[in-house]
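# A closer look at the structure
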Amino acid sequence: MRAVTTLSVVVLASAGIGHAVVTSLDAKIARVDPFKDMKNRPQAGHGMNVLLVGTDGRDRISEEERRKYRLGGAPCHCTDTIMIVHISEDRERASVVSLPRDSYAEVPAGEGRKAHPIKINAAYAEGGPNLTVATVEHMTHVKIDHYLEVDFTSFMRTVDVVGGVQICTAEPLKDSYTGLDLSAGTHRLMGGEALQYVRARHVDSASDLGRVQRQQRFMAALIERATSSGILLNPMRFRDVTRAVLGSVRADKGFGTGELLDLGRAMRNFSPSSSEFTTVPIRQLEYDVKDVGSTVKWDAAKSERLFRALREDEPLSVHRPRRRPVRVEVAPQEIHVQVENGTPAGDLGKRVDAALAATGFRTTGRPVSAADRPVKRTVVAHDPRWDRSAKSLAAALPGSELRAVKGLGPTLKVIVGTDFRQVRKVRAEDPTEGESVVVRGGEAGCS
């Protein structure tokens, strides 16, 4: 998850700090050649693919921090996090695909090396960045254009320098291995606690996949924090962030100022509920391999569709299974919607408003902030006289709660809580009733 820090810096760098500053960042990044002597590589697609890895390096972490955050063991010198970040050819969209560290992989044959099975995170220990890139390309058939690598130190320092990151958990999280101990609710995590949060693998039955999901949520929350906390307008704070990160960042020689700007520009609108944030499809969680151990086996057919989307520069959502619209009594075109955002995620109201409008609801297009927040569960508040319209709207918001409010009038209020995940398509054959709606959002990242 140290890879998050690199994204934070390039987002900041592309958001108005200036070309001179970005150029200075470029000069400070340590360089590595992950593509040296590589042969038989996949054909280049459209857009730009960046392999983003976080290693378990901890050389510059103090002894006190090592004890406090359970970092006393020797590092395995392997990749703790692996993500493919695809930047669309128009530089307007970012798609992020996480590859679980325990994924079953096959190392391709090379100079003096035979093909053999391995856990994907062990490729780094065996052959560094070069073998990591070769293995990822062999497994995905996606050509990697650039390589970025960060470690524990840059992650902790960056979280600290932005003033911590707020996360929300619906259930208590406790992991004796990392020392993570969070009660249910909202917490602001500083560097060391954040490291425990993204490293924990023993807090749920999902193990590696549960950890990947937490990493994704934290990644989006950190980017949002960095771009909304005044750092962009404060050169001194921006300088502190870059100093905290760049001492531990390595990149390929071709990753320069232009690539920093492209990556940052595409990542600025990233969010926890983005359809472009996913994990490679899994077929089997405990796939035993001789001399390797228990691995995570990918679903071959679904994974190929996902990676083909990256190669062809298509939105990942295009390849998701299509659901039939839910049948409702009142057509969405007859229901007017006003959205209120009750979450710390500043753009969630806009996203919900846009999603409802795309489904046919007549939104105001002007979402507002809710008076009380955060809200845990999505609520559709309505006047009892407009109960059929309320049911139609609730059908578009899976898991939402209907709440009757006398005297509310023809405007429905939809309070999007921390459980918000999606807006589902609905339709009716015989629209008979017209009314209005309001939407409020809960805290992003809760489940």
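Along each chain, the written sequence defines residue order, and numbers are assigned to residues from 1. It should be noted that, the model being predicted, local features are given only for residues of pLDDT at least 70 and side-chain atom pairs only at 80 or more, the latter also being counted only at that level, while totals for whole chains, interfaces and linings use all residues. Neither water nor hydrogens contribute to the side-chain values; these are computed over all heavy atoms in the structure.

### Focus on the overall build of the chain
Note the cut-off: Counting from the N terminus, the helices are the DSSP runs of H or I reaching at least four residues and the strands are the DSSP runs of E reaching at least two. For the exposure calls, accessible area comes from a 1.4 Å probe over protein chains only, and a residue counts as buried if that area is under 20% of its type's maximum, exposed if over 50%, partly exposed in between. Any two residues whose heavy atoms approach within 4.5 Å are treated as being in contact. Each accessible area is a Shrake-Rupley result for a 1.4 Å probe, and residues are judged covered by the shown protein chains and nothing else.
The number of helices and strands found in the chain is 12 helices and 24 strands. Within the chain, buried positions represent 54% of all 447 residues. In the chain, once contacts between residues fewer than 6 apart in sequence are set aside, the share between residues at least 24 apart is 75%. Accessible surface, the chain: about 19600 Å² in total, of which carbon and sulfur atoms supply 47%.

### What to know about the pairing of strand 22 (residues 411-415)
This is how the line gets drawn: Between any two strands, at least two bridges found by DSSP are needed for them to pair.
Inspection of the sheet shows strand 17 (residues 336-341) paired to strand 22 by two bridges, in the parallel sense. Within the sheet, the bridge partner assigned to Val339 lies in strand 22 and is Val414. Inspection of the sheet shows strand 20 (residues 379-382) paired to strand 22 by three bridges, in the antiparallel sense. Note that in strand 22 the partner of Ala381 across the bridge is Lys413.

### Here's the deal with the nonpolar core
So the rule is basically this: In plain words, nonpolar cores are sets of buried Ala, Val, Leu, Ile, Met, Phe, Trp, Tyr and Cys residues tied together by side-chain atoms within 4.5 Å.
Ranked by size, the top nonpolar core spans 29 residues in total, and within it Leu51, Leu99, Val136 and Phe307 carry the most contacts. Listed by contribution, the elements that provide at least two residues to this core are strand 2 (48-55), strand 3 (79-87), strand 5 (104-107), helix 4 (122-140) and helix 10 (300-311). Among the elements that take part in this core, helix 4 stands out by supplying six residues, more than any other. Of all hydrophobic cores here, the second largest spans 24 residues; its members include Val352, Leu393, Ala394 and Val414.

### Looking at the pattern of salt bridges
Counted only if it meets this: In what follows, salt bridge is the name for a side-chain nitrogen of Lys or Arg lying within 4 Å of a carboxyl oxygen of Asp or Glu.
Throughout the structure, instances matching the rule amount to eight salt bridges. Residues Arg308 and Glu304 are paired through a salt bridge, measuring 4.0 Å at the closest nitrogen-oxygen approach. Here Arg308 and its partner Glu304 are both found in helix 10, four residues apart, which amounts to about one turn of the helix. The class of Glu304 is partly exposed, set by a relative accessible area of 29%. In the salt-bridge network here, residues are joined through shared partners; they are Glu304, Arg308 and Arg311.

### Points about the packing of aromatic side chains
Under the convention used in this document: The rule is short: rings of Phe, Tyr and Trp, with Trp giving its six-membered ring, pair when the centres are within 6.5 Å, and they are stacked under 30 degrees, edge-to-face over 60, tilted in between.
Applying the stated criterion across every chain, the model contains two aromatic pairs. A centroid spacing of 5.6 Å and a plane angle of 80° characterise the contact between Tyr104 and Tyr287, whose relative ring orientation is edge-to-face. Linking Tyr104 in strand 5 with Tyr287 in strand 14 (residues 282-289), this pair joins segments that are 183 residues apart in sequence. On the basis of relative accessible area, Tyr104 is assigned to the buried category, the value being 12%. Under the relative-accessibility criterion, Tyr287 is labelled partly exposed at 25%.

### With respect to the confidence of the model for the chain
Here is the rule: As a per-residue measure, pLDDT reflects the predictor's confidence and takes values from 0 up to 100.
Per-residue pLDDT for the chain averages 77, and the proportion of residues at 70 or more is 71%. Residue range residues 430-447 is modelled with pLDDT below 50. Its contacts to residues more than four positions away, or to other chains, number 103 contacts.

### As for the side chain of His187
Cut-off, in case you're wondering: N or O atoms within 3.5 Å of each other form a polar contact, as long as, within protein, one can give a hydrogen and the other can take it, and as long as residues adjacent in sequence are counted only when both atoms are side-chain atoms.
Looking at the secondary structure, you find His187 in strand 11 (residues 185-189). Within the local environment of His187, its side chain forms a polar contact with the backbone oxygen of Ser183, the two atoms lying 2.7 Å apart. In this structure, His187 is in contact with Val165, Gln166, Ile167, Thr169 and Leu182, ignoring residues within four places of it in sequence.

### Quick word on the environment of Gly417
Along the chain, Gly417 falls in the loop between strand 22 and strand 23 (426-427). C-alpha separation for the pair Gly417 and Arg377, spaced 40 residues apart in sequence, amounts to 4.3 Å.

### Remarks on the sheet that holds strand 4 (residues 94-98)
The line we're drawing: Fitting a line to C-alpha atoms yields each axis, with helices limited to the stretch in contact; the angle taken between N-to-C directions then spans 0 to 180 degrees.
A sheet is described by the order of its strands in space; here seven strands give the open sequence 1-12-7-2-3-4-13, paired in mixed fashion. Strands with a single pairing partner mark the edges of an open sheet, and in this sheet they are strand 1 (30-32) and strand 13 (277-279). For this sheet, the mean inter-axis angle between neighbouring strands, taken without regard to orientation, is 25°. Where strand 4 meets strand 13, three bridges bridge the pair, whose relative direction is parallel.

### Remarks on unusual backbone geometry
Geometrically, the link from Arg373 to Pro374 is a cis peptide bond, its omega value of 0° lying close to zero. Take Pro374: it is sitting in the loop between strand 19 (368-369) and strand 20. Even without glycine at this site, Asp291 takes up a positive phi of about 70°. On the secondary structure map, Asp291 appears in the loop between strand 14 and strand 15 (293-298). For Asp291, a relative accessible area of 78% translates into the label exposed.

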